[in-house]
Each structure stands twice: as structure tokens, then as C-alpha cells.
Amino acid sequence: MKAPRTLYFCGDCGNEYAKWQGQCPACKAWNTMVEQPAEAPVAVPKGQGRAGEKPVPRTLPDISVCEEVRFETGLSELDRVLGGGAVAGSLVLVSGEPGIGKSTLLLQICKSLARRFTVLYVSGEESLRQIKLRADRLRVSADKLFLLSETEITRVLDAVETLKPDVLIVDSIQTMYRAGGNTTPGNVTQVKECTLSLMQLAKGQGVTVFLIGHVNKDGAIAGPKVLEHMVDSVLYFEGDRHLSYRVLRAAKNRFGSVSEIGMFDMREEGLVEVPNPSEFLLSGRPHGVSGTCVACAMEGTRPVLCEVQSLVTQTSFGQPRRTVSGLDYNRVMLLLAVLEKRAGVYVGNCDVYVNVVGGFELEEPAADLPVLLACASSARDKALPGDLCAMGEVGLGGELRAVGHMEQRVAELFRLGFKKCILPRQGTQTIMAPEGLELVRARYVRDALAAL
């Protein structure tokens, strides 16, 4: 009898290979190959699909298109990230580090969803008693909320067939498995098969499915990367477990934008929405202290103000230290070079520490000018005004370049009571300053420093 053929799967990206390799050619990860038997292909009659029917192609005009049915989840911040609410029949993956609050988030939306729909919450990590205790703490109680503690995907599908819920929540996909396989739960094949079964359930029966997925130490979803391609939306729940706030960010969304964020505050009674992230991130900001500047970043259609801090001090070692948190390290090093060459602020023999307060991540070029002003303020030990904000991209020639959504940024500054804003002169001539807000337009970095 011929021995079954074996394949090797990459545990990070899910690609399969005929031979073992030390490094995956696709994702360049080392020592991630897992050996397992290849499954025998299912014989399908020629010219027929899986259901025994011949596929019939249809022309584009013959296909009727109706607007997707959306419904609110009960959390406006989650609805914002999803593009206005959850879409009926969609498959949504919520991922994040263990203990960040994924289960709490999805259990909280059950309070609102179970008032209008039948919700089935399946947990493979907790018993029914544990879920009940957490629901009591979150004050979640509804007659249409059903709980199931199960890890075998076939039994879960049987429960769905019996109950016929409108919303299904699976916590988590790494604990699900299909009986009869030669692999353990959480394996590449098991995760792919279970997700495929849930995807067919969502598309075939119109059940809205929420999946919880853990991430590994590198920040990627534990299991195959192909899992992200199978679902409709991928949401990352981020935040420092030592801090109270959490950020929900969309990495993929077939029904909306991927640049929106939602912010929550983790408290004893659960996650509390933060409708105004700017006030939350700027709370406790020091006044009269050098090395701090307010930046305005766009997260989707929402302008968010945050504080950039810098500490420039004389080094005690031969090699100055550079430490960056919340910003791209190489970008900050480039800005320090521009600060020395174009503005005459020498920091080559100084230790430089740059941090975005609250653990917030700034990735857009609009943060260039606030970083430079914070570093220059700390190097000169001269505090910036507390009602000052800056925005703008900095080029290698020391020139300031305009960024997008300037009108929305200026309106947010005016709403929060800022009195002065430094922005690039290029591309901002048509922006009108609201009464009480002074717009200082600068062409170069040295002009911005001279305006302080």
C-alpha cells in the first residue's frame, strides 16, 4: 500500500510546499514548516459542481444588485470602524493580543444585538459558567442570547442549524477543529478548514459571523496569513495592557474604509467608548515645560490631536543615544539631520528621546513638524505655548509641505480651543482661519522656529 504523501505548511503565512525548508520563501520566516499528510482530493464528476449541478455563468446586467443590509452593533465606535455598522452575512475577524479585550468587546455588543436578533455565542476557551460570570460583570442579559461551549466545528454548525441565529460569535478560531483530521486545533489546516466552513455559513445562510483570533509575538494573526484573505473584514484591537485605552483599527474592510479607528477606555465595568479621542490623549498635558508639542493626525475622517514629547540632553557616553516610541525610528533620525543642517540646532552630541504620549502611533507625515519643534524646544530649553499646534511634512531641504484634510484639522483645533497653529505656506492659501485661531504659514523649518 502506497504511503500517503506529506506536505509542509508554513505556520505564519499558510503556504504549502512539497519539501521541508528552513526558511519560507513567501514570508521569509525561519523554522515555521509543519509536516502533515496531504488530504486526498474529492472526486467530482466532470462538468459538475459540488452540489451536482452544472455552473451557469451569468452576464453582468443580469445580476441584480441591492444595497447591503447594515445594522448597528450597539457600539458607535465599532460601527464607525466597520463602515457604518455590521453587514448581514459578512465574516468579521477581530484579532489582538491575549487579554487585550476582544472577548469583552464582542460580549458587550451582544447586549444590543440580542434585543433585535438571535445571537449564538460559541466559546472554545471558557465554560458556560465563566461566560455567565463575565456577562454579569458587564451587565449583559438578553433572552435571545444563547451560549455554547464547544470546540468541534461540526457540532457548532449543527447548533447553528438547530437554532438558526442571525449573529454567530466564535471565540476563538484557534480553538476550533474538525474531527477526523490528523492535526491538532490551531494548526494551519484546522484553522483554514474551520474558517472556510464558517465562511460558507455566512454567505449561504446570511448569518453574520464574528471570529476572534489571537496574534503571535510578531503581531501577526496566529495561524495562516491566508485567514485574512478569507474574511470580509479584519479588525485589530490594539493597546498597551498597562494603559486603559484601546484602539480598534481596520486592516481590511470590503464594505467600508480601512483608515477609521475606534477608541475605547477599559474599565472595571467593561469597555467604554471614547467619542473624543483628542481630549482623552491631551488630558494631563504639562504647561510651561520644554520639549512638548501638539500634533494633529487624521485617522480616516476623524482628526485626532495627540502630544509629542522630546528630551534632548547632553550625552554622558561616546555614542549619543536615540530612543523613539510611537514614531518611525528612521524618520525621526532624518528629521534630526534636517534640524541640524537646515535650522542650525545641533543635537549631534546629545541624547534624544522622542515619545508620543499615551502609546499612540503616529505614521503620517503631518507629524514631522511637531517632532522638529519638540526637539528644538527641548534643545533650547524653551517651552512652546500651551495653545499651539503644528502640522506639516518636512523635506530634506528644510521646506514644509502641505498635508491632506487641512480644513478638518483646523476645525478640530478651533473646537478644542487652540489659539495658534503653524502650518506650511504651500497649498494652504485658501484655508480661512476661524475667529480666535491664528494660522502661521511658514515656508521653511527655520521660519517655523522663528515664529515661536
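Residues numbered from 1 in each chain as written. Predicted model: local features only at pLDDT ≥ 70, side-chain atom pairs only at ≥ 80, totals over all residues. Heavy atoms only, no water.

## Notes on the overall build of the chain
Here is step 1: The helix and strand tally for the chain stands at 11 helices and 23 strands.
Here is step 2: Overall, the C-alpha framework of the chain stretches about 80 × 55 × 50 Å when taken along its three principal axes.
Here is step 3: For the chain, buried positions account for 47% of its 452 residues.
Here is step 4: Sequence separation of at least 24 residues holds for 66% of the intrachain contacts in the chain that already meet a minimum separation of 6.
Here is step 5: Total accessible area on the chain is roughly 22600 Å²; 51% of this is exposed by carbon and sulfur atoms.
Here is step 6: Taken together, the 51 basic and 52 acidic charged side chains of the chain have centroids lying 3 Å from each other. (Helix = DSSP H or I, 4+ residues; strand = E, 2+ residues; numbered from the N terminus. Buried < 20%, exposed > 50% of the residue type's maximum accessible area, 1.4 Å probe, protein only. Contact = heavy atoms within 4.5 Å. Areas by Shrake-Rupley, 256 points an atom, 1.4 Å probe, with all protein chains shown as cover. Lys, Arg positive; Asp, Glu negative; His and termini not counted. Charge placed at Lys NZ, Arg CZ, Asp CG, Glu CD.)

## So, helix α3 (residues 128–137)
Here is step 1: Taken residue by residue, α3 has Ile131, Arg134 and Ala135 as its buried positions. The buried residues of α3 occupy an angular sector of 100 degrees when projected down its axis, which confines them to one face.
Here is step 2: Elements that come into contact with the buried residues of α3 comprise α2 (102–113), β7 (119–123) and β8 (145–149). (Arc of directions from axis to C-beta.)

## With respect to the sheet that holds strand β9 (residues 167–171)
Here is step 1: Spatially, nine strands are ordered β8-β7-β9-β10-β6-β11-β12-β13-β14 in an open sheet, and the strand pairing comes out mixed. One side of each edge strand has no neighbouring strand; the edge strands of this open sheet are β8 and β14 (270–273). Across the sheet, the mean angle separating the axes of adjacent strands is 25 degrees when strand polarity is ignored.
Here is step 2: Judged from the five bridges that link them, β7 and β8 form a sheet pairing that is parallel. Bridge pairing in β8 places valine 122 opposite leucine 148.
Here is step 3: Here helix α4 (residues 153–163) sits on the sheet and contacts β7, β8 and β9; the angle it forms with β7, its principal contact strand, is near 165 degrees. (Pairing = 2+ DSSP bridges. Axes fitted to C-alpha atoms, helices over the stretch in contact; angles between N-to-C directions.)

## Quick notes on the side chain of serine 378
Here is step 1: As for its position among the elements, serine 378 is in helix α9 (residues 368–380).
Here is step 2: Within polar-contact distance, the side chain of serine 378 engages the backbone nitrogen of valine 312 at 2.8 Å.
Here is step 3: In this structure serine 378 touches Ser290, Gly291, Ser310, Leu311 and Val312, once residues within four positions along its chain are discounted. (Polar contact = N/O pair within 3.5 Å; in protein donor to acceptor, adjacent residues only side chain to side chain.)

## Some details on empty space enclosed by the protein
Here is step 1: Counted under the stated rule, the structure contains two cavities of 30 Å³ or more.
Here is step 2: Considering every element that reaches the lining of the largest cavity, the biggest residue donor is strand β15 (residues 292–299), with three residues.
Here is step 3: Residues of the lining of the largest cavity, tallied by class, amount to six nonpolar, four polar and one charged.
Here is step 4: Of the voids in this model, the second largest cavity is the one considered here, and its volume is about 40 Å³.
Here is step 5: In terms of lining, the second largest cavity is formed by Arg70, Leu82, Gly85, Ala86, Val87, Ser90, Val92, Ser233, Asn253 and Phe255.
Here is step 6: In terms of residue class, the lining of the second largest cavity is made up of five nonpolar, four polar and one charged. (1 Å grid on protein atoms, 1.4 Å probe; cavity = no way out; pocket = protein on both sides within 12 Å on 5 of 7 lines; lining within 4 Å. Points joined across faces, edges and corners; volume = space filled by probe spheres on them. Nonpolar A, V, L, I, M, F, W, Y, C, P; charged D, E, K, R; others polar.)

## What to know about the sheet that holds strand β22 (residues 420–424)
Here is step 1: Spatial ordering of the open sheet is given by β17-β18-β16-β15-β19-β22-β23, a layout of seven strands whose pairing is mixed. Every other strand in the sheet has two partners, leaving β17 (322–325) and β23 (438–442) as the edge strands with one partner each. Strand-to-strand, the axes of this sheet are offset by a mean angle of 25 degrees, without reference to chain direction.
Here is step 2: Summarising the sheet, β17 and strand β18 (residues 350–356) pair through four bridges and their orientation is parallel. Pairing of arginine 322 across the sheet is with valine 352, part of β18.
Here is step 3: Contacts between helix α8 (residues 329–343) and the sheet are confined to β17 and β18, with β17 contributing the most and set at about 125 degrees to the helix.

## Remarks on the pattern of salt bridges
Here is step 1: Applying the stated criterion across every chain yields a total of 16 salt bridges.
Here is step 2: Linking aspartate 232 and arginine 254 is a salt bridge whose minimum nitrogen-to-oxygen distance equals 2.7 Å. Of this pair, aspartate 232 sits in the loop between α6 (227–230) and β11 (233–238) while arginine 254 sits in the loop between β12 (245–253) and β13 (261–267), and the two are 22 residues apart along the sequence.
Here is step 3: For arginine 254, a relative accessible area of 46% gives the class partly exposed.
Here is step 4: The salt bridge partner of arginine 401 is glutamate 399, with a shortest N-O separation of 2.9 Å.
Here is step 5: Connected through salt bridges with shared partners, the residues Lys203, Asp232 and Arg254 form a single ionic network. (Salt bridge = Lys/Arg side-chain N within 4 Å of Asp/Glu carboxyl O.)

## Examining the pairing of β7
Here is step 1: Where burial is concerned, most of β7 is hidden: five out of the five residues are buried.
Here is step 2: The alternating pattern of β7 places Val119, Tyr121 and Ser123 on one face and Leu120 and Val122 on the opposite face, and all of these are buried.
Here is step 3: As for the winding sense of the linkage, the β-α-β connection from β7 through α3 to β8 is right-handed.
Here is step 4: As judged from the five bridges shared by β7 and β9, these two strands associate in the parallel manner. The residue of β9 that forms the bridge with valine 122 is valine 170. (Right-handed = clockwise from strand over helix to strand, strands pointing away.)

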